[in-house]
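# Understanding the architecture of this molecule
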Protein chains: 2
Amino acid sequence: MAKSSKATQKGGSAVSPLAPKAFPKLPPLAGVRLSTTAAGVRYAQRTDVLLALLAPGTQVAGVFTTSRTASAPVLWCQANLKGGEANNRQARVLVVNSGNANAFTGRIGQEGVRAIAEEAAAVARCRASEVFMASTGVIGEPLPEQKIVKVLSRLVGEGAAGNWRAAADAIMTTDTYAKGATATAMIDGVKVTINGIAKGSGMIAPDMATMLSFVFTDANLPASVLQECLSAGVGPSFNSITVDSDTSTSDTLMLFATAKGGKHTAIAKASDKKLTEFRRALDGVLLDLALQVVKDGEGAHKLVRIEVSGAETDAAAKRIGMSIANSPLVKTAIAAGDANWGRVVMAVGKAGEAADRDKLKISFGNHVVAEKGMRAAKYSEAAATKAVSGREVVIAVDIGLGQGKARVWTCDLTHAYIDINGSYRS
Amino acid sequence: MAKSSKATQKGGSAVSPLAPKAFPKLPPLAGVRLSTTAAGVRYAQRTDVLLALLAPGTQVAGVFTTSRTASAPVLWCQANLKGGEANNRQARVLVVNSGNANAFTGRIGQEGVRAIAEEAAAVARCRASEVFMASTGVIGEPLPEQKIVKVLSRLVGEGAAGNWRAAADAIMTTDTYAKGATATAMIDGVKVTINGIAKGSGMIAPDMATMLSFVFTDANLPASVLQECLSAGVGPSFNSITVDSDTSTSDTLMLFATAKGGKHTAIAKASDKKLTEFRRALDGVLLDLALQVVKDGEGAHKLVRIEVSGAETDAAAKRIGMSIANSPLVKTAIAAGDANWGRVVMAVGKAGEAADRDKLKISFGNHVVAEKGMRAAKYSEAAATKAVSGREVVIAVDIGLGQGKARVWTCDLTHAYIDINGSYRS
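Rules behind the numbers
Residues numbered from 1 in each chain as written. Chains lettered and ligands numbered in written order. Predicted model: local features only at pLDDT ≥ 70, side-chain atom pairs only at ≥ 80, totals over all residues. Helix = DSSP H or I, 4+ residues; strand = E, 2+ residues; numbered from the N terminus. Axes fitted to C-alpha atoms, helices over the stretch in contact; angles between N-to-C directions. Parallel < 35°, antiparallel > 145°, perpendicular 65-115°, else oblique. Left-handed = near helix turned anticlockwise from the far one by under 90°. Contact = placed C-beta atoms within 7 Å. Nonpolar A, V, L, I, M, F, W, Y, C, P; charged D, E, K, R; others polar. Buried ≥ 20, exposed ≤ 12 C-beta atoms within 10 Å, placed from the backbone. Least-squares fit on C-alpha atoms with pLDDT ≥ 70 in both. Domains from an automatic or database assignment. Pairing = 2+ DSSP bridges.

### Some words on the environment of His264 of chain A
The topology assignment puts His264 of chain A in the loop between strand E9 (252–257) and helix H7 (276–295). Along the chain, His264 of chain A and Ile420 of chain A lie 156 residues apart, while their C-alpha atoms are 48 Å from each other.

### Side note on the packing of helix H2 (residues 106–124) of chain B against helix H3 (residues 145–158) of chain B
All names here are of chain B. The N-to-C vectors of H2 and H3 enclose an angle of 15°; their axes lie 9 Å apart at closest approach. Classed by the angle they form, the pair H2 and H3 counts as roughly parallel. When the axes of H2 and H3 are compared, the crossing they make is right-handed. Counting all contacts with H2, which are made through Gly112, Ala115, Ile116, Glu119, Ala120, Val123 and Ala124, the residues of H3 involved are Glu145, Ile148, Val149, Leu152, Ser153 and Val156. Broken down by class, the residue content of the contact of H2 with H3 amounts to nine nonpolar, two polar and two charged.

### Quick word on the environment of Val41 of chain A
Residue and element names in this part refer to chain A. Turning to its location among the elements, Val41 is positioned in the loop between strand E1 (32–37) and strand E2 (49–54). Look at Val41 and you get buried, because 21 C-beta atoms sit within 10 Å. Sequence separation of Val41 and Glu130 is 89 residues, and the distance between their C-alpha atoms is 23 Å. Dropping the residues within four chain positions of it, Val41 is found in contact with Asp48, Val49, Asn97, Gly99, Asn100, Pro144, Lys147 and Ile148.

### Looking at the relation of the copies chain B and chain A
Superposition of chain B onto chain A requires a rotation of 180° combined with a translation of 0.0 Å along the rotation axis, giving an RMSD of 0.0 Å. Accordingly, the operation relating the two chain copies is best matched by a two-fold axis. Across chain B, the smallest distance between a C-alpha and the rotation axis is recorded for His415 of chain B, namely 2.9 Å. Comparing interface residues between copies, 100% of those in chain B also lie at the interface in chain A; the contact surface is shared.

### Section: the interface of chain B and chain A
In this complex, chain B contributes 56 residues to the contact, which on the side of chain A involves 57 residues. Of all elements in the fold, only H2, helix H8 (328–335), helix H9 (341–350), strand E13 (374–375) and helix H11 (415–422) of chain B reach the threshold of two or more residues within the side of chain B that touches chain A. Among the elements that line the side of chain B that touches chain A, the one with the most residues is H9 of chain B, at eight residues.

### Looking at the domain arrangement of chain A
All names here are of chain A. Taken domain by domain, chain A comprises domain 1 (32–295) and domain 2 (303–422). Contact residues are listed per partner, giving ten residues for domain 1 and eleven residues for domain 2. Of the residues in the side of domain 1 that touches domain 2, the class split is four nonpolar, five polar and one charged.

### Considerations on the packing of helix H5 (residues 223–234) of chain B against helix H6 (residues 276–295) of chain B
Residues and elements named next belong to chain B. Relative orientation of the contacting elements H5 and H6 amounts to 50°, with a least axis distance of 10 Å. By the criterion of interaxial angle, the relationship of H5 to H6 is oblique. Here H5 and H6 pass one another in a crossing that is right-handed. On H6, the residues that touch Cys229, Gly233 and Val234 of H5 are Arg279, Leu282, Asp283 and Leu286. For the contact of H5 with H6, a count of residues per class yields four nonpolar, one polar and two charged.

### Examining the sheet that holds strand E15 (residues 404–411) of chain A
Residue and element names in this part refer to chain A. Pairing is mixed across the open sheet formed by six strands, whose spatial order is E13-E12-E11-E14-E10-E15. The open sheet is flanked by strand E13 (374–375) and E15, the only strands paired with a single partner. Note: strand E11 (residues 361–364) against strand E12 (residues 367–371), three bridges, orientation antiparallel. Bridge assignment links Phe364 to a residue of E12, and that residue is His367. The sheet contacts of H7 involve strand E10 (303–311) and E15, and relative to E15 the element is tilted by about 45°.

### A short note on H9 of chain B
When you tally the buried positions in H9 of chain B, you get ten out of ten residues, the bulk of the element. Among the residues making up H9 of chain B, those that are buried are Trp341, Gly342, Arg343, Val344, Val345, Met346, Ala347, Val348, Gly349 and Lys350 of chain B. Summarising the contacts, the buried residues of H9 of chain B are in contact with strand E5 (131–138) of chain A together with helix H7 (314–325), H8, strand E11 (361–364), strand E12 (367–371) and strand E14 (392–398) of chain B. A positive phi of about 85° marks Gly352 of chain B, the residue just after H9 of chain B.

### Let's talk about unusual backbone geometry
Residues and elements named next belong to chain A. Unusually for a residue other than glycine, Phe104 sits at a positive phi of about 55°. Structurally, the position occupied by Phe104 is in the loop between strand E4 (93–100) and helix H2 (106–124). The buried category is assigned to Phe104, around which 31 C-beta atoms lie within 10 Å. The backbone phi angle of Asp188 is positive, close to 50°, even though this residue is not glycine.

### Considering the sheet that holds strand E9 (residues 252–257) of chain B
Residue and element names in this part refer to chain B. With respect to topology, five strands assemble into an open sheet ordered E3-E9-E8-E7-E6, the strand pairing being mixed. Taken across any chain shown, the strands that pair with only one partner, and hence form the sheet edges, are strand E3 (59–64) and strand E6 (179–187). Adjacent strand axes in the sheet meet at a mean angle of 15° when their direction is disregarded. Bridge analysis of strand E7 (residues 190–199) against strand E8 (residues 212–217) gives six bridges, and the strand direction is antiparallel. Within the sheet, the bridge partner assigned to Asn195 lies in E8 and is Phe216.

Right, here's the structure in full:
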């Protein structure tokens, strides 16, 4: 995620009331060594560079922002992935910095990326094409890449396998808490582990990708299988959340497989039934991380889940869900605890998808608020208000025309969003 | 415009700092008599019903919301227009109420519209199909149509030709000031007058139409010519503004021609060169009214004009302009006086239209802030900040790829927007 605003990590902002109670216990993962440092890219007195050293042969897959003004590190990663063979794309180093997105920084930005990749390759003894990168922070400021280049040698030597919390901390910008998730799965009788970290809080409307999120597994899976699992998993997770409808220049989601866990059967296809449990676990990690991002939406006090059914197609349902999730009028009403279902009607109406006033049915929680073209006969203001008063709000919309379904998540729109994004960049 | 929130006309809100100094002097218009009253539809102690009595033979044209959940009066007007002959669509009465949008009110809402139309037809001695209507206010509340029905007879008798300010007052909801505009034009040597009023402040992202706006002329023009002039004029005016990206269920823009001014040549086609000046004057009135709406955007303190050039097509330029105009991150930065051009880059990137980082050029006011894929060589933070510090901000974006152009307007996003829309409906 690239934000072009603040100098400090939400200086003084309280932790989101939707934050998990604690950072989860991510176990060490064979083949991954993590180290972080305070390189002074932009922030003072906090870590801002993460280096993940990956075992030789580690396979990699990625999905990225669809922005036409994608950042220099996004373009670098895409070129690396395109250069490899589909079922043998290798990664040895991941370098992530916060504080500067290296987006819209022109030729200088590209040269900075290359300088970092070449130094990382030299100290890790690999090819520059095996170095992946991500940057998050201010857009348009030249990246002080030498600050990063000069810490890489030390970071390569300092890596530890269990450093997940520190890794999640180093990549935060306006985040109010570090985001991690873990799961295990059996592949043909052998246990494998999946660990993931993410960051993101504003400029969140991922489009075919996400903020920054990095997922690692010790399973032995070729890049082509990883890519298929990741591309399928991103749809109902990161691509189903929105904080503010603004899609970042830097969205990056990568999946690395070190093959250093227990030995299991070779897997050549993502559709292999032996991968069913792994894919379910991976999808769970992706959704967990995506929900942690939306729960840390800038200024968020409520998590809103929108369930759309009965649309003409799943894609239509998704567009209707996003129309509701991105409506500032719906989001300000929920912030105020106002069961303002008329605004949901408006958002369905403007989505550009087929809808029929008289077939539409809207519920807040379990309470039906509107149906048959008007307010529900048994509508209760008290019940509707109660349904939008808690930390988690569910809005269900049945279009009544077909079988299309979607589930999307957003947060409420509060004064804190204005405060955070109206603060000056300096 | 239909808002589903507030009981009073922005109770206690100050007048927008962008408001015109005074309501313009709209002259009496031959063939139009206006009257208003406080019918108690929802608001206390203010007028909330407007009746315009139109001379026999008045021709009418309209454009309406594209929402799939359009209000009952919108559906009524559309049916009336569809029922008439293209070059002889007549209107005798316009009834507008504020306080209740009569949207998503089902069969009861349709019956309410019919009851009002039949009573208006009876007291004005015309056909129900010559009665046009618009409602604005809460969505989903049944319209208390009898409160309106019972005042119609009196309003028909009370009409005055010069009552434009009172008419503009009666149709406001969250508006902080009444909106009107006037112009004159010569048609083949004969002077004609155009008067318009509008309302709208939030739920403003008109799509093929606008909030509520009614424009009247004493020219002698058939409905088909009016419709063509109106459909052409709405694109660069009402369809080029956005307050909050939320498209109303009730957007209505109508144009009435009474033919009661000076006698001029018959005009059969909108392309007739004798209409050039009239069309320019009409376009000016439409743009004036549209800008008055965006200047009264909920919570607005700044008017932002976005000039897009060099896109592949005009449509692409419009989508890029709207992507910038609807970005909450751009709008909060402008509210704070932050020349955060990186967010403009982001909004161009997410628009889904062709863009090339290295060809993009962005200016704030006259100051070039970004070009050649990075911050401009002569960038000055002081000059950029000055350009976003006044009441009116101009952002110019040259995509550098083609000849497509668009100009759109929006306002900044401030705490007041959250206050206004987080207040409870009751």
